[in-house]
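Architecture and fold: a report
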Amino acid sequence: MVPVRALFGLAALCLAACQAGPGAIPGALPVDRPGAPTAPPGAPPGTCWGREISPALVETVTEQVLLQPPEIGSDGEIRRPAVYKTETQQRILRERREQWFQAPCPDTVTPEFVAALQRALKVRGLHRGLVTGRMDGPTRAAIRRFQQAEGLDSATLSLAAARKLGLVAYDREAAE
């Protein structure tokens, strides 16, 4: 049996490991997590990225397979019942998917930026909370709703969505 004090210590370590640093984009991967990739391979230096991981969708099917049919007498009486075997199979319906997308860098996501984001989402009927300048739950939910229409199911703001909302200027040099 594990002492309660040890469990609390372990829980505190786990929670500390999950905390994002100051200025981090909620929902984005922590930059300071050892071994965690912060950008896809070949990403240009100085760019910031978000990553959305969709787990595989697995279906478990259990069925009864007849091994031996029942033995039935001429009078209709069952002399020996049927023998079945239970088989369980798992099928992958959708593979695990990792999607990288360029995101605004944390130093640009200021309270003023977030307030402008909230207003832009509110005008479109997607943000239902107050304009606070804080990246809170209602703001992340509104970001997800906006980006789902673009094919990205993430609460982390993508650079493409920020441009579409008029929050980030279009970079001509990057487009060429």
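In this text the structure is predicted, and so the values were computed from the model without any measurement. (Residues numbered from 1 in each chain as written. Predicted model: local features only at pLDDT ≥ 70, side-chain atom pairs only at ≥ 80, totals over all residues. Heavy atoms only, no water.)

The final tally for this structure, using the stated rule, is one disulfide. Disulfide partner of Cys-48: Cys-105, at an S-S distance of 2.0 Å. Measuring the twist about the S-S bond at about 105 degrees, one finds the Cys-48-Cys-105 disulfide to be right-handed. Of the two residues, Cys-48 is situated in strand β1 (residues 48-54) and Cys-105 in the loop between β6 (97-103) and α2 (111-123); the sequence distance between them amounts to 57 residues. (Disulfide = S-S within 2.5 Å. Helix = DSSP H or I, 4+ residues; strand = E, 2+ residues; numbered from the N terminus.)

Turning next to the pattern of salt bridges. On inspection of all chains with the given rule, the structure shows five salt bridges. Between Arg-144 and Asp-153 there is a salt bridge, with the nearest N and O atoms lying 2.8 Å from each other. For Arg-144, a relative accessible area of 29% gives the class partly exposed. The partner of Glu-150 in a salt bridge is Lys-164, with the nearest N and O atoms 2.7 Å apart. In this pair, Glu-150 sits in the loop between α3 (137-148) and α4 (159-164) while Lys-164 sits in helix α4, placing the two residues 14 residues apart along the sequence. The exposure class of Glu-150 is partly exposed, given its relative accessible area of 46%. (Salt bridge = Lys/Arg side-chain N within 4 Å of Asp/Glu carboxyl O. Buried < 20%, exposed > 50% of the residue type's maximum accessible area, 1.4 Å probe, protein only.)

On to the environment of Arg-144, then. Counting through the fold element by element, Arg-144 comes out in helix α3. Here the alpha-carbon distance between Arg-144 and Leu-157, two residues 13 residues apart in the chain, equals 8.0 Å. The contacts of Arg-144, once residues within four sequence positions are left out, are Leu-152, Asp-153, Ser-154 and Ala-155. Among the polar contacts made by the side chain of Arg-144, one reaches the side chain of Asp-153 at a distance of 2.8 Å. (Contact = heavy atoms within 4.5 Å. Polar contact = N/O pair within 3.5 Å; in protein donor to acceptor, adjacent residues only side chain to side chain.)

Core analysis: the biggest nonpolar cluster contains 14 residues, and Leu-117, Leu-121, Ile-143, Phe-146, Leu-157 and Leu-165 have the highest contact counts within it. In terms of residue count, α2 provides more of this core than any other element does, five residues in total. Non-local contacts of Leu-117, meaning those with residues more than four positions away in its chain, are made with Met-135, Thr-139, Ile-143, Leu-157, Leu-165 and Leu-167. (Core = buried A, V, L, I, M, F, W, Y, C linked by side-chain atoms within 4.5 Å.)

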